[in-house]
Amino acid sequence: MNTLPPDWPPISSQLMHFYRIWQSLRDGPDVPYRRQLSLRHIKSLAAWLVILDIPAPGRLKVKVSGSNVDAVFGKPLTKVNLKDITVPEASKPIVAFHEALMTHPCGGYAHDVMTMENGKRLDARYLMLPLRNDDGGHTMCASLWDATAEGFAEPPVDHRTRMTHSELQYACHLDVGFGLPKFPDFEGYLRSRSFPEDY
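All values derive from a computational prediction rather than experimental measurement. (Residues numbered from 1 in each chain as written. Predicted model: local features only at pLDDT ≥ 70, side-chain atom pairs only at ≥ 80, totals over all residues. Heavy atoms only, no water.)

Let's shift gears to the overall build of the chain. On a plain count of helices and strands, the chain comes out with five helices and six strands. The helix and strand sequence of the chain, counted from the amino end, reads α-α-β-β-α-α-β-β-β-β-α. Considering the chain as a whole, with its 199 residues, one finds that 50% of them fall into the buried category. (Helix = DSSP H or I, 4+ residues; strand = E, 2+ residues; numbered from the N terminus. Buried < 20%, exposed > 50% of the residue type's maximum accessible area, 1.4 Å probe, protein only.)

Here it is in structure tokens:
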């Protein structure tokens, strides 16, 4: 299945290309292993790619981050816990959204506008697709960003360059053959939509 459902939001050619690559790596009904998603497949997309892992409930760790993503934050994000770079009000539902798509498994899409502590403003659309870890467990996902960044970045004031403001425009899960998860924690986040700049 290399096409998206009719009710799925329109996505860019870059995100659609990523979706087709991911679908081509599937061996049978399950999702691809992380090791299958090699640079050979995603070379033109790698600068905006992030690979995430859930090593324990409630934690969302960056395993790999592309150069453009790192540039937005002003530092490498590899090994960072997403909670440490997210406004506190958003971190719990964001982690829960990713946990649902990894463990269920399913896909995900979101459109977010963020202001960063280093002065950058990011308008990003994300396509998130689940991956299996080396043991075959569903604890990972690949997130491709189709994003534009504006503004001049200051050097990080500490090791935790963060978002200071986030406005979620849209988010949904995608059935990739296993149905959709029930996801109550995210509904309040969708209703609130934005968070204060100072926290």
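There is more to say, and it comes next.
Let us look at the confidence of the model for the chain. A residue-level look at the chain finds 85% of positions with pLDDT of 70 or above and a mean pLDDT of 83. Within the chain, strand S1 (residues 49–53) carries the highest mean pLDDT (96), whereas helix H5 (residues 185–192) carries the lowest (50). Contacts from residues 189–199, a stretch scored under 50 in pLDDT, to residues over four places away or in other chains number 30 contacts. (pLDDT = per-residue confidence, 0-100. Contact = heavy atoms within 4.5 Å.)

Where burial is concerned, most of strand S3 (residues 107–116) is hidden: nine out of the 10 residues are buried. As defined by bridge partners, S3 adjoins strand S6 (residues 163–174) across 10 bridges and the pair is classed as antiparallel. Following the sheet pairing, Ala110 is matched in S6 by Ala171. Judged from the eight bridges that link them, S3 and strand S4 (residues 121–131) form a sheet pairing that is antiparallel. Across the sheet, Asp112 pairs through a bridge with Ala124, a residue of S4. (Pairing = 2+ DSSP bridges.)

A word on the sheet that holds S1. A sheet is described by the order of its strands in space; here six strands give the open sequence S2-S1-S5-S4-S3-S6, paired in antiparallel fashion. Where the open sheet ends on each side, the last strands, each with one partner, are strand S2 (61–65) and S6. In this sheet, adjacent strand axes meet at a mean angle of 25° when their direction is disregarded. Pairing of S4 with strand S5 (residues 140–150), which is carried by 11 bridges, proceeds in the antiparallel orientation. Bridge pairing in S5 links Asp123 to Thr148. (Axes fitted to C-alpha atoms, helices over the stretch in contact; angles between N-to-C directions.)

Taking 1.5 Å of rise per residue, 12 residues should cover 16 Å, and helix H1 (residues 13–24) covers 16 Å from first to last C-alpha, within 8% of that figure. Contacts from the buried residues of H1 go to helix H2 (39–42), S1, S3, S4, S5 and S6. (Expected span 1.5 Å × (residues − 1).)

Bringing the side chain of Asn81 into the picture now. You can see Asn81 is positioned in the loop between helix H3 (67–73) and helix H4 (88–103). If we skip the residues at most four places from it in the chain, Asn81 touches Arg59, Leu60 and Lys61.

With that settled, consider the pattern of salt bridges. Inspection of the entire model under this criterion finds three salt bridges. Residues Arg125 and Asp123 are paired through a salt bridge, measuring 3.6 Å at the closest nitrogen-oxygen approach. According to the relative accessible area criterion, Arg125 is partly exposed, its value standing at 34%. (Salt bridge = Lys/Arg side-chain N within 4 Å of Asp/Glu carboxyl O.)

So, about the pairing of S5. Bridge count between S1 and S5: five bridges; the pairing is antiparallel. Bridge pairing in S5 links Leu52 to Cys141.

One water molecule sets the probe size; rolling that probe over the atoms shows where empty space is left. One pass over the full model with this rule turns up one cavity of 30 Å³ or more. Counted as a void, the largest cavity has a volume near 340 Å³. What lines the largest cavity is a set of 23 residues, and nearest its centre among them are Leu82, Ile94, His98, Tyr126 and Trp145. Of all the elements in the fold, those that place two or more residues in the lining of the largest cavity are S1, H3, H4, S3, S4, S5, S6 and H5. Residue classes in the lining of the largest cavity are distributed as 20 nonpolar, two polar and one charged. (1 Å grid on protein atoms, 1.4 Å probe; cavity = no way out; pocket = protein on both sides within 12 Å on 5 of 7 lines; lining within 4 Å. Points joined across faces, edges and corners; volume = space filled by probe spheres on them. Nonpolar A, V, L, I, M, F, W, Y, C, P; charged D, E, K, R; others polar.)

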